[in-house]
Amino acid sequence: MRVLLITDIHANLTALEAVVADAGPVDVVWCLGDVVGYGPNPNECCTWVEGHAEITVVGNHDWAALGRLDLDDFNESARQATLWTVEQLTPHAYQWLDALPNRFIEGETTLVHGSPRHPIWEYLLRPAQAAANFEYFDTDICFVGHTHAPAIFQEELARLGEPGYVPPYGEPITLSGGRFLVNPGSVGQPRDGDPRAAYAIYEPETRTIEFRRLAYDIAKVQGQMREAGLPEPLVVRLARGL
Ligand code: ZN
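In this convention, every chain numbers its residues from 1, walking through the sequence in written order. Since the coordinates come from a predicted model, pLDDT governs what is reported: local features require at least 70, and pairs of side-chain atoms require 80 or more to be given and counted, while whole-chain, interface and lining totals use all residues. Just so you know, side-chain values use all the structure's heavy atoms and leave hydrogens and water out.

S.K.: In this structure, what is going on with the overall build of the protein chain? I would like to understand it.
M.R.: Each helix and strand counted, the protein chain has 9 helices and 11 strands in total. As defined in this context, the radius of gyration uses C-alpha atoms, and a globule is described by 2.2 Å times the residue total to the power 0.38. In summary, the protein chain has a C-alpha radius of gyration of 17 Å against a globular reference of 18 Å for 242 residues, a match within 12%. Principal-axis analysis of the C-alpha atoms places the extent of the protein chain at approximately 50 × 35 × 30 Å. A contact between two residues is defined here by any heavy atoms of the two lying within 4.5 Å. For the protein chain, the proportion of contacts with a sequence separation of at least 24, taken over those separated by at least 6, is 73%. By element, 51% of the accessible surface of the protein chain is carried by carbon and sulfur atoms, the whole surface being about 9,800 Å². Per the convention used, a helix needs a DSSP run of H or I reaching at least four residues, while a strand needs a run of E reaching at least two, with both numbered from the N terminus. In this description, accessible areas are obtained by the Shrake-Rupley approach with a 1.4 Å probe, and a residue is regarded as covered only by the protein chains that are shown.

S.K.: Whenever I open this one, the coordination of the zinc ion confuses me. Can you help?
M.R.: In a perfect tetrahedron of four donors around a metal, the angles come out at 109.5 degrees. In a perfect octahedron of six, they are 90 or 180 degrees. Every protein donor of the zinc ion is accounted for by Asp-8 (OD), His-10 (NE2), Asp-34 (OD) and His-148 (NE2), and the metal-donor separations fall at 2.1 to 2.3 Å. The rule for donors is simple: N, O or S, within 2.8 Å of the metal, or within 3.2 Å if the metal is Na, K or Ca. Water isn't counted, so a site may look like it is missing partners. In short, tetrahedral needs four donors with all angles between 85 and 135 degrees, square planar needs four and octahedral six donors with opposite donors over 155 degrees apart and all other angles between 65 and 115, and whatever is left is irregular. Bound by 4 donor atoms, the zinc ion shows angles of 86 to 178° at the metal and therefore irregular coordination geometry. On the primary sequence, the residues serving as donors to the zinc ion are separated as D-x1-H-x23-D-x113-H. One end of the pair, His-10, is in the loop between β1 (3–6) and α1 (13–23); the other, His-148, is in the loop between β6 (141–143) and β7 (151–154), and 138 residues separate them in sequence.

S.K.: Any chance you could explain the sheet that holds strand β3 (residues 55–56) here in plain terms?
M.R.: Strand pairing within a sheet occurs via backbone hydrogen bonds; the two strands may be parallel or antiparallel. Pairing within the open sheet is mixed, and its 6 strands lie in the order β3-β2-β1-β10-β11-β8. Each edge of the open sheet is held by one strand with a lone partner, namely β3 and β8 (173–174). In short, DSSP must find at least two bridges between two strands for them to pair. As defined by bridge partners, β1 adjoins strand β10 (residues 197–203) across 3 bridges and the pair is classed as antiparallel. By the bridge assignment for β10, Leu-4 is matched with Ile-201.

S.K.: What is the right way to read the packing of aromatic side chains from this model?
M.R.: Ring pairs are drawn from Phe, Tyr and Trp, using the six-membered ring of Trp, whenever the two centres fall within 6.5 Å, and their geometry is named by plane angle: stacked under 30 degrees, edge-to-face over 60, tilted for the rest. One pass over the full model with this rule turns up 5 aromatic pairs. Note on Phe-134 and Phe-137: the rings are 5.6 Å apart at their centroids and 40° apart in plane angle, and the pair reads as tilted. The exposure classification of Phe-134 matches that of Phe-137, with both residues buried. Taken together through their ring pairs, the aromatic side chains of Trp-30, Phe-143 and Tyr-202 make up a single cluster. The ring of Phe-137 is capped by Arg-179, whose NZ or CZ atom sits 4.4 Å from the centre of that ring. Relative accessibility thresholds used throughout: buried, under 20% of the residue-type maximum; exposed, over 50%; partly exposed, between the two (1.4 Å probe, protein chains only). Here, over-ring charges are defined by two tests on the NZ atom of lysine or the CZ atom of arginine: distance to the ring centre within 6 Å, and angle to the ring normal within 35 degrees.

S.K.: How do you make sense of unusual backbone geometry when you look at a structure like this?
M.R.: Phi is mostly negative for residues that are not glycine, and the peptide bonds are mostly trans. Notably, Ala-11 is not glycine yet its phi reads approximately 60°, a positive angle. As for its placement among the helices and strands, Ala-11 is situated in the loop between β1 and α1. With a relative accessible area of 0%, Ala-11 lands in the buried category. Even without glycine at this site, Arg-207 takes up a positive phi of about 50°. Relative to the helices and strands, Arg-207 resides in the loop between β10 and β11 (208–214). Under the relative-accessibility criterion, Arg-207 is labelled partly exposed at 23%.

S.K.: Looking at this structure, I do not really get the environment of Thr-56. What am I missing?
M.R.: Among the secondary structure elements, Thr-56 is positioned in strand β3. Thr-56 gets classed as buried once you look at its relative accessible area, which sits at 8%. Separated by 41 residues in sequence, Thr-56 and Leu-97 place their C-alpha atoms 9.3 Å apart. Ignoring anything within four residues of it in the chain, the contact list for Thr-56 reads Cys-31, Val-35, Val-49, Trp-96, Leu-100 and Pro-101.

None of the figures reported here should be taken as evidence of function without further support.
Here it is as structure tokens:
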């Protein structure tokens, strides 16, 4: 079974469509949240994910659009983008987001947005954080998003303080010998210094995962964001990948 693993689309339909075309035939889609927030196409992205993803868990920006978070916790650009998103969302998109779980277990895999310890909020950036989080899920593999940076943490290596590992793009690797926290990176707003869309293809039977990066029409999305009146810092950061 080929799984298209996507997260942090952030209302960037252009990036999402490029990823879907690049992924080729897949059997299922798993989405790790933050479908909306920042980008110019919140409803279109909700419609696509609702129609195509077998599993979707909810992210902090989805929660913000649902009014479940205090926007004072966001920076000014994120706050403005959330208020814009709230104005745009159709009642159907709102209801769909509202019904998403914050954790899902599928076979040997747990899916959350942030971390198994704090599914909405925690950023798994440092090995010590990753190491602590292995106590909070029972499966061998947990997929996360939220940091917008691809990474694989293996349990023993994280306990030794090893940083997250980013495998070479386009080369399948097997998740064997231990338990893993895996982040495929962000489709719609990468923050690891590489502005290309990030996603992964996963095969549960063999525990094989292939990380991928893909150039897409960033200028087109920037034009749509400016037309929508979204904050300029968000427009600029898209091309920087930061
Ligand atoms: Zn996000």
